[in-house]
Amino acid sequence: MKYNTAQIIEKLRTIKVVPVIAVEEAEAILPLVETLAKNGLPVAEITFRSAAAEQAIRLVRQHYPDILIAAGTVLTSEQVIQAKNAGADFIVTPGFNPNIVKLCQTLQLPITPGINNPMSIEAALEMGITAVKFFPAEASGGVRMIKALLGPYAQLQIMPTGGISLHNIQEYLAIPNVVACGGSWFVEKKLIQEKNWEEIGRLVREVLDKVK
């Protein structure tokens, strides 16, 4: 199924938490996604921080068609094409690159670009985009900064990522414009390498208990 941005935002609002994942070996994504889904998290942001990203996205799409897949840390046009061909539902970028946005719009591939100041927000709005990632969230002023930005930009739908943890996630989600928070503490690289699916499952349940 092909989602538009509004449908993706709606799904994210119900899910509330987005695991930001980097896998060194593409095959590791399958038991990881199974663990996430089984514990109530049917979403994965698979980042292009690793060369395995394209294949990992493809594997999830083949084996778990109902999982919402974001391709994260997308920096180049090539990565956009790879992500689309592999079956990603939408693109997430750390910053605002007009060329990447244009390409995604041409391909009718939803994109949530990164912003953290009025200048990048204005650039997003100019291109018809109101669903954005606020990154790096904590380092950019966190909850206070988001509230300040929402004064003039009340139409934004925001996914904060970066420095979010069990201790502050509720503060972010308490802001009505925040649709979901991205985080990686419950899908740490070390846990994935150790194949510690039990601990990942426990951490997922812990964060979902906190936000539901």
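Residues numbered from 1 in each chain as written. Predicted model: local features only at pLDDT ≥ 70, side-chain atom pairs only at ≥ 80, totals over all residues. Heavy atoms only, no water.

If you check an unreviewed UniProt entry, the protein chain appears there as 2-dehydro-3-deoxy-phosphogluconate aldolase from Bisgaard Taxon 45. The Subunit (unreviewed entry) field of the UniProt record for the protein chain holds the comment "Homotrimer." Under Sequence similarities (unreviewed entry), UniProt gives the following word-for-word description of the protein chain: "Belongs to the KHG/KDPG aldolase family." (UniProt positions renumbered as here; feature names shortened; annotations may be inferred.)

Engineer: With reference to specific residues and values, describe the overall build of the protein chain.
Structural biologist: Scanning the protein chain from terminus to terminus reveals 10 helices and 9 strands. Its C-alpha atoms give the protein chain a radius of gyration of 16 Å, near enough to 17 Å, the size a compact globule of 212 residues would have. Each principal axis of the C-alpha atoms in the protein chain carries an extent, and together these give about 45 × 35 × 25 Å. Burial analysis of the protein chain (212 residues in total) assigns 53% to the buried set. By sequence separation, contacts in the protein chain at least 24 residues apart represent 60% of the contacts at least 6 residues apart. Of the roughly 9,600 Å² of accessible surface on the protein chain, 51% is carried by carbon and sulfur atoms. If the 20 positive side-chain charges of the protein chain are averaged to one point and the 20 negative ones to another, these points end up 4 Å apart. (Helix = DSSP H or I, 4+ residues; strand = E, 2+ residues; numbered from the N terminus. Rg over C-alpha atoms; globule rule 2.2 N^0.38 Å. Buried < 20%, exposed > 50% of the residue type's maximum accessible area, 1.4 Å probe, protein only. Contact = heavy atoms within 4.5 Å. Areas by Shrake-Rupley, 256 points an atom, 1.4 Å probe, with all protein chains shown as cover. Lys, Arg positive; Asp, Glu negative; His and termini not counted. Charge placed at Lys NZ, Arg CZ, Asp CG, Glu CD.)

Engineer: Just give me the short version of the side chain of T161, but keep the residues and values in it.
Structural biologist: Structurally, the position occupied by T161 is in the loop between β8 (157-160) and α8 (169-173). T161 has contacts with V20, K133, F134, F135, P136, A137 and G182, leaving out every residue within four places of it along the chain.

Engineer: Quick one: what's the story with the environment of V23, residue by residue and with numbers?
Structural biologist: The topology assignment puts V23 in the loop between β1 (17-21) and α2 (29-38). Accessibility expressed as a relative area gives 2% for V23, which makes it buried.

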